[in-house]
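Inside the fold
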Amino acid sequence: MKPVNEIQTPQDLSAFWMPFTANQQFKAAPRILSSAKGVHYYSEDGRKILDGTAGLWCCNAGHGRREIAEAVSAQIGHLDFAPTFQMGHPLPFELADRLVEIAPPGFKHVFYTNSGSESVDTALKIALAWQRARGEGTRTRLIGRERGYHGVGFGGISVGGIPGNRKWFGSLLPGVDHLPHTLDIARNAFTRGLPNECPVLADELEKLVFLHDASNIAAVIVEPIAGSTGVIMPPKGYLKRLREICTKHGILLIFDEVITGFGRLGSPFAAQEFDVQPDMITCAKGLTNGAIPMGAVLVQGHIYDDMMAAGKGAIELFHGYTYSGHPVAAAAGLATLEIYRQEQLLTRARDMAGYWEEAVHALRGCKHVKDIRNYGLVAGIELEPMVGAPGKRAYEVFVRCFEKGALIRVTGDIIALSPPLIIEREHIDQLFNLLQDTLQAQA
Ligand code: PLP
């Protein structure tokens, strides 16, 4: 085996069927990253690329963190794998304690997965099992939201609200309904932070409860800020109102924090940032700084306690993955949380948010910019689509930015930005100057 820095991308790229990628388009003109350090990637053709997306919203502490590399390497040599079905090893217990410390109050338990998608499906299953365990087995309906992204498992695409992710896959979970999404450009274009209150949006949940009856509804799942569908903000008071309605009707509230978790908004989790207490939080990505796949569901004490009581000493939840609490992933998680603690990264977005906000809103007035949304270290820049070619304009901006030295993310005609939380002002300036030039050069 060659040393990693000597492995070159082969000429023929066909064997790797790439995810969420136009394979033929990509393979005709590939963009290959070969290494990364700090807030930069380095491309195979030797260019330095500013990472405006923390990889895929995951490398919150920046790239190439020595502490994580050392922890992973030491762990593989010490204990490469150990089962967690009716067996244990120290690391996932230790990591669960550290996660509970940074979680909002009342979150006392952690169920491990390997990804955000698995975290979502796990949380949905816990919700169904918990309702049944407390004698409410008719509560099987799950409620998601239009334009929600909850990964790619059958549970996640069912509660998710992205037509393209659903239409190819036949019958999804039965008994799912959706709240309306919260994007209202006509009223809120260029709002800084959260848009003004709009009580009718959350009250749509009351309508669904009226339609289906609370006795049939297990849980509501939402992203506090929807990331993947273009950085969609909750109006002020919206999440609190969802909480009130769920509590009133015995419905569990799940926050999908796969993107908003681990400091993205300026608090460890969005639940703390918005002062709303869900019953479960799904997370992944920033949990290991993206270095090793791992996800988790953080669970309120009362849910775990009820499940334990119902289990009567037998297996309480018939669910889990071979790699739940994998020692190497847990080692990466522990090293990551230690970096977050030492460098105070879980609240750094709060300090940088003002500068970030000014920088992104300076793009107002650039060609084709129709809306700008921001919170913490997240921003969405929505462009007018080209007539008859939705998504093409943003894709072109994405390719030009990459050529000029910045990695951005696009979804439809929306540019989504979420840099590593270690980003400095000079990098923010570089990113937005480059973006401004690129937008202005558009036809
Ligand atoms: N949930 C949310 C909110 C996400 O943003 C994502 C991924 O971006 C997922 C779930 C799925 O995570 P994964 O790709 O790790 O399965």
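I will try to describe carefully the structure that is included in this document.

Thresholds applied
Residues numbered from 1 in each chain as written. Predicted model: local features only at pLDDT ≥ 70, side-chain atom pairs only at ≥ 80, totals over all residues. Heavy atoms only, no water. Pairing = 2+ DSSP bridges. Helix = DSSP H or I, 4+ residues; strand = E, 2+ residues; numbered from the N terminus. Contact = heavy atoms within 4.5 Å. Axes fitted to C-alpha atoms, helices over the stretch in contact; angles between N-to-C directions. Near = heavy atom within 4 Å. Polar contact = N/O pair within 3.5 Å; in protein donor to acceptor, adjacent residues only side chain to side chain. Phe/Tyr/Trp six-rings, centres within 6.5 Å; stacked < 30°, edge-to-face > 60°. Buried < 20%, exposed > 50% of the residue type's maximum accessible area, 1.4 Å probe, protein only. Lys NZ or Arg CZ within 6 Å of the ring centre and 35° of its normal. 1 Å grid on protein atoms, 1.4 Å probe; cavity = no way out; pocket = protein on both sides within 12 Å on 5 of 7 lines; lining within 4 Å. Points joined across faces, edges and corners; volume = space filled by probe spheres on them.

1. Points about the sheet that holds strand β13 (residues 406-407)
Pairing is mixed in the open sheet, where four strands are placed in the order β1-β2-β3-β13. Each edge of the sheet is formed by a strand with only one pairing partner; in this case those strands are β1 (33-37) and β13. Relative to β13, strand β3 (residues 48-51) runs parallel, the two sharing two bridges. Note that in β13 the partner of Leu 50 across the bridge is Ala 406. Seen against the sheet, helix α16 (residues 425-440) touches β2 (40-43), β3 and β13 and runs at an angle of roughly 100° to β3.

2. Let's talk about the site of the ligand
Lining the immediate environment of the ligand, one finds Ser 115, Gly 116, Ser 117, Tyr 149, His 150, Gly 151, Glu 223, Ser 228, Asp 256, Val 258, Ile 259 and Lys 285. One of the side-chain N or O atoms of Ser 117 is found 2.5 Å from an oxygen atom in the ligand. Lys 285 is positioned with one of its side-chain polar atoms (N or O) 3.0 Å from an oxygen atom of the ligand.

3. Here's the deal with the packing of aromatic side chains
On inspection of all chains with the given rule, the structure shows seven aromatic pairs. With a centroid separation of 6.4 Å and 75° between ring planes, the pair formed by Phe 20 and Tyr 149 is classed as edge-to-face. Taken together, the residues span a long stretch of sequence, with Phe 20 in the segment before α1 (23-28) and Tyr 149 in the loop between β5 (141-145) and α6 (154-159) at a distance of 129 residues. According to the relative accessible area criterion, Phe 20 is exposed, its value standing at 64%. Its relative accessible area of 22% is what places Tyr 149 among the partly exposed residues. Just above the ring of Phe 402 sits the side chain of Arg 47; from NZ or CZ to the centre is 5.1 Å. Of note, Arg 364 hangs over the ring of Phe 190, and the distance from its end group to the ring centre comes to 4.1 Å.

4. A word on the layout of surface pockets
The space that makes up the second largest pocket amounts to roughly 1100 Å³. Around the second largest pocket sit 30 residues that line it, and Thr 84, Val 110, Phe 111, Tyr 304 and Glu 316 are the ones nearest its centre. Sorting the residues of the lining of the second largest pocket by element identifies α4 (90-102), β4 (107-113) and α12 (301-311) as the ones contributing at least two each.

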